[in-house]
Structures are given as structure tokens and as C-alpha cells.
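# A closer look at the structure
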Amino acid sequence: MKQILNQVRSEPANILKSLLALQEQFGHVPGQTVPVIAKMLGVTTAEVAGVLSYYPDLRTSAPGRHVIRVCMGESCYANGCGRVLRELQERLRADVHETTPGGRFTLDTMSCAGNCAVSPTVIIDRDLYGRVLPSQVDRILEKYT
Amino acid sequence: MATRLYLSNDTSARAAGAAALAEAWADRSDIQLIRTSSRGAFFLEPMVERDGADGRIAWFNVSPQDLPAILSGKGGTPVQTIPFLARQTRWTFANFGETEPLALDEYQARGGLSGLEAAFRLTPDAIIEELRVSQLRGRGGAAFPVWNKWKVAQQAKGERKYVVANADEGDAGTYCDRMILEGDPFRLLEGMLICARAIGAGRGYVYCRQEYPAAAATLRAAIHKADEAELLELDGEPFPIEVVEGAGSYVCGEETALLESLEGKRGVVRARPPYPAQSGLYGCPTIVSNVLTFATIPHILSRGGAWHASLGTEQSRGTIALQLGGRVKHPGLVEVPFGLSLRQVLEEFGGGMAPGSRFKAVQVGGPLGSLFPATGLDLPICYDAFAKAGAVLGHGGIVVYDHETDMVDLARHFMAFTADESCGKCTPCRIGSVRGREILERIQAGSGTMDDLRLLDDLGETMKLASLCALGGRAPYPVLTAIEHFPAEFRNKLSAVHRQS
Ligand code: SF4
Ligand code: FES
């Protein structure tokens, strides 16, 4: 942890960058680590906690092995992202922000991925799928174990 | 000899199948695959091109087994005859589909860097004068004259000055910044350098949203190349540019919230004045403009401000990058001079509705933009006409909704978005959006009353007047325009006793 924070150290301390770097390495930033991080960065715990809770992409608990994000932006909405999301919820028996038992998938929504022209969009880990139909959901999920 | 084929490496082209093509053809020794940016005709992607006698020949919606036809030259269409592209006026997007994004020599061969060279021949004042003559307005939300902002930053005193490119293109339905970052990154860097020279800045940042990983990676590679070519310096001093990624907050697209986030803090909106041009990043004079604005600047310097001012309408000069999405037949990027009507754009470029769909409404300018029914389609696309109609052009995103759209649900969707994304700094937005969502949920559940509709109206007025930034201030527009243009849908959902009143 120290090593990572030293790498991103900048003047003055950049809390967001530091938290993102930690998350990149460990997958999430547990709440208990906040005081330690604050001390190392030379800022208050309230400041670190404030940043950690503010940004939707910062996680305080570990996600599943694969994170599925369904775009809820307007172009995706118009093209039926709601149906794709419902299909995913049924297949995974998980709601938005939930992780499937066994930890295979975490289901999330997101705002626009800039892929609107070939929407609806689903992102799994780093793979982006466009023009997704509910009927394709099964086949897409198969690729992830 | 291997046949040279061109295939876009743009995120949306990849999602449409370009990635699968590249994979399927990876081992073919008879083809040489050049990964370009996308022309933005996404309905035709994946599109494969090869050189012809008079320019490129293209094959549309290609699948791996189409390769023999392409290699034998059967069935291709000359790119210049594709109506979607031929009708556009491309300046900012002129390189798209033509070049490899990270080939600096190609960028230069097609006129790149001549704007920067022109800027080096001018004094900072003369650069700003050129911008004034061009009448360029910021391509983000507020459409503020660019030269004015630069002048303020130039004259402001500060230990350091910064140039910040806002690549937090958060409005749903917009993707032109993403395309520039991925497809023509040197154009952004060139625009930033010109700005830095004009205001005397010593450092640049690109704040890129986390949702655009390919854009951030391409940009970092472009910065590295530009650095190697010794382009990142001004008057003998280094001008480092760093890419900083955000963490999923929509409000960080607002310039002061963006600066807070860049400093590593919670991305909440700062009260203005002072404006960032006077006191921005770490309290120093800072120009924050979005990617498209910076990308427009090289041509203005190389071709002259008067050239730019000769395009477009009275108050909106130059071209606009429209991004068509939703239920249109031909979604994609369209660059045209300001002034075409919405109807023209949807018919001539959008190609009408997607098969099986009937038009219901169109929304311009992202999740905070107003909705237009069919009767509103004659509005010309320019800042003044939109302002007069109480609407915003925003970032030029156009989303078309069809007959299956439930307007009550859509309105709830918008309010839920605002409630989720509110930075919490001011009460009308923080509380108003949650109340708004609750009311709409009540209506949706069938227990709403006429009073609820009036309440939404009241709430909307308060949010419009008393919010600190555009998120709260614009949030009521899509909801209220939905109620205004589709009142029956809302009334039909009210509890039975209230439907008549
Ligand atoms: S309007 Fe909303 S997002 Fe903007 S400053 Fe106020 S609370 Fe924050
Ligand atoms: S609205 Fe979903 S990718 Fe843009």
C-alpha cells in the first residue's frame, strides 16, 4: 500500500488518484483502511472518507469475479436496455449492485459508455458489447466463469 | 502481395463487430489490416475499405465470410458516394476513417500541426484576436465565447496557469469527444498547445471519464509520441500534459467540479465567481474547455478566424458535431454547419426511424435536454434558436424515442438520474430531485393525483431558479416537456378519481 501511494504521490496529496491506484491493485478500498491512508497522505480521515463515499466507481467491498455494467443512458434506454437488464436480473437472480452467490458476477448499471450509436451497451469487465438483445445474454454470460 | 484493408479500431466499431473481424482475420497473410478511426457511420460498421482508383471503396456490415468478395473487389461502394458522409461538411472530423490515430506523420501530412505553427508566428494577443474573429463558442454547455475566456486567463495573474481539457463527456447520447480522443488525439493536443501559448500556461491536463478506457489509453500513447517528437514544449519550456481519470460522477463534467476532482477531492460544484479563468486549478488561472472545442481550434488558426465565421448562422458560427442515437435508422456522427433543422438532420442523415418504429419524441443535449414532439422538428440547430425555445444543444447528442416509449417512465428515469448524480451541495437539487422521483413513482404506480402534476411543476420552477449548476437547473426540463407534450399519458396513469379534473 505504501509503495503504491508513494508512486502516485504528488504535491499536494491527491486523494482520488491515491484511492483509484489502491483499488486498481486490490479491487476495492476497505473502509477500515481510511485512517491509515489519511495518515500516509497527510490529510484528515474525513477527507478520505468523503472522497471514498462520493465517487460511484470507488468500492469499499470486493466485487464478484466479473463485473457486469448495463448502460442506462438515453440511447440505450430508447433501444431497450431495460429489457436487457431484466433478462440479466433473471438469469443471475441478482439485483443491481448485487453479487451472485459464489461471487461469479456483480451486476451494476452505468451511465453512457459513448457507444450510443450501437446501443444498448453492456460491459463485462473490460469487454464491451453493443446492439445487445435479451436473447443474446445467455451466450455472452457463458464466456465468463 | 498482401491486400491492404482498412478497418476502424473505434470502440463502437469494435462493439459492432470490427473486433471480431480483426480476430478472425488475424492469421491471414494475404491481407494487411490497417486500424483506422471510424467515419462515424456506425450503422454501416463494421465497415471494411480498400484503396480504389478514386479513393476508398467500402463494404458495409461485414462479417468474416465476406472476405473473398472484398478481396475480389465485388460489391464495394465508393466511400465518397455514401450519402450519409457526402452530405456532411467535415472539418474537425476530416481525418476520421482515413488515418491511423497514432500516426503523427499522417496527421501532419493531412494538415495537422499547421495551426500550431501559425500560432507560433503570432503573438498571444494576435491568437486571441483570431479566436475573436472566428466567433467560436465553447462546444460544451454554456456556449461562452472562447476568446473572452482566454483573454481573462491571459490577463489574470498567477504563479502558474493551466490548460484543462474536459474529456468527461457524461451526457448520454454523446460520443464525439470519445471519437476524437480515440480517433484523432493529436488534434486535441494541438488545440491545447495553442491555448497554452495564448494564455501562457505551463501545464496541461486531460480529465477523462473512467467509462472511456480506450480513449485514455490512446491519448496517453499520443502524448508519449508527441513528447518524443518534441512537440510538448512552448518557447523552449516543457509543456507536460497528463491524462487523469475520473471515477464515475456526472457532475464532474461541470468545470468547477471537474477542477475539484482533478485536485483529488469530492467533485462538488464551486460557487462562481471567481471563474476558473481567474482562479481555477489550485487557485491558478485555468482554461477548461471540452475536447471538441480544443479540436476545433487548429483549423481556426491555420485557415483564419474569418473562415470559421463564414460557416453557420448569425450567432452560431462554424460546424457542429451531432451524434444521432436512439431509434433512428442511421445512428452516427454528423458534422454540419449550424442551422439545419432537426427534421432535416433526422431525415437526411438519420434516415428516418428504425424499422418497425414510429416517431414519438426527440431529445437534444443529453439527460438534461428538452424533449420535442413531431411538431417541434422545424427548430434550426443553433444556440440562439434553442435558447429561445428554452432548450439546450449541450454536446450535440440527439436521441430519438419511438412509439413504445412510456413517457411517465422516461420522466421518472430522468429524475432518478438527477437524484443519483446530484452532488448534494444545494438543497433544491438534492432534495428536489428525490421528491420529484417519488412523485413520478407514485404516478407510475397509479396513485398519483392532479396535485402531483402541479407539484412537479412547482418543484421544477424552484429547481430551475435556485440550483447552483446546470444539473439541478436543467433537470426539470426533460420532465416538464414530457408532461407538456404528452399530457394524456400522465393523466391516464393518475388514480381514477383524478383523471377527469
Ligand atoms: S444543482 Fe445539484 S449538482 Fe449542481 S451544485 Fe447544486 S446539488 Fe450540486
Ligand atoms: S446511452 Fe448507452 S452507450 Fe450512450
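Relevant structure appears above.
A quick note: this is a predicted structure, and the numbers were derived from the prediction, not measured. (Residues numbered from 1 in each chain as written. Chains lettered and ligands numbered in written order. Predicted model: local features only at pLDDT ≥ 70, side-chain atom pairs only at ≥ 80, totals over all residues. Heavy atoms only, no water.)

### Focus on the interface of chain A and chain B
Counting from both sides, the interface comprises 36 residues of chain A and, opposite them, 56 residues of chain B. If you look at where chain A meets chain B, you find 2 salt bridges. Two residues, Glu404 of chain B and Arg83 of chain A, come together in a salt bridge whose shortest N-O distance is 3.8 Å. On the surface where chain A and chain B come into contact, there are 24 residue pairs in polar contact (both at pLDDT 80 or more). (Contact = heavy atoms within 4.5 Å. Salt bridge = Lys/Arg side-chain N within 4 Å of Asp/Glu carboxyl O. Polar contact = N/O pair within 3.5 Å; in protein donor to acceptor, adjacent residues only side chain to side chain.)

### Overview of the pattern of salt bridges
Pairing is possible between side chains that carry opposite charge, provided their charged atoms lie close to one another. Residue and element names in this part refer to chain B. Tallied over the entire structure, the rule returns 39 salt bridges over all chains. When the shortest N-O distance is used, the salt bridge between Arg178 and Asp10 registers 2.9 Å. Pair noted here: Arg178 is in helix α8 (residues 176–183) and Asp10 is in the loop between β1 (3–8) and α1 (11–24), with a separation of 168 residues, a long-range link. You'll find Arg178 and Asp10 in the same group, each marked buried. Within this structure, Arg39, Glu49, Asp51, Arg56, Glu98 and Arg110 form a network of salt bridges that share partners. (Helix = DSSP H or I, 4+ residues; strand = E, 2+ residues; numbered from the N terminus. Buried < 20%, exposed > 50% of the residue type's maximum accessible area, 1.4 Å probe, protein only.)

### Description of the site of ligand 1
Neighbouring residues of ligand 1: 13 residues in total, closest Cys423, Lys425, Cys426, Cys429 and Cys469 of chain B. Tallied by class, residues from the shell around ligand 1 come to 8 nonpolar, 4 polar and 1 charged. (Near = heavy atom within 4 Å. Nonpolar A, V, L, I, M, F, W, Y, C, P; charged D, E, K, R; others polar.)

### Here's the deal with the nonpolar core
Judged by nonpolar contacts, the single largest core of 91 residues is most densely connected at Leu19, Ile68 and Leu88 of chain A together with Leu262 and Phe490 of chain B. Counting residues per element, this core draws most heavily on helix α16 (residues 407–421) of chain B, at 7 residues. In this view, Leu19 of chain A contacts Val29, Ile37, Val48, Val51, Leu52 and Leu58 of chain A; residues no more than four positions away in its chain are not counted. Counting residues in hydrophobic clusters, the runner-up holds 68 residues, among them Phe93, Tyr107, Val206 and Ala215 of chain B. (Core = buried A, V, L, I, M, F, W, Y, C linked by side-chain atoms within 4.5 Å.)

### Quick look at unusual backbone geometry
Residues and elements named next belong to chain B. Following Glu45, the chain continues into Pro46 via a peptide bond in cis, with omega recorded as -5°. You can see Pro46 is positioned in the loop between β2 (31–36) and β3 (48–52). A cis amide bond links Pro273 with the next residue in sequence, Pro274, at an omega value of 0°. Turning to its location among the elements, Pro274 is positioned in the loop between α11 (255–262) and β11 (286–290). One non-glycine residue, Asn61, lies in the positive phi region at around 40°. Mapping Asn61 onto the fold places it in the loop between β4 (55–59) and α2 (67–72). According to the relative accessible area criterion, Asn61 is partly exposed, its value standing at 41%.

By themselves these figures say nothing about function.
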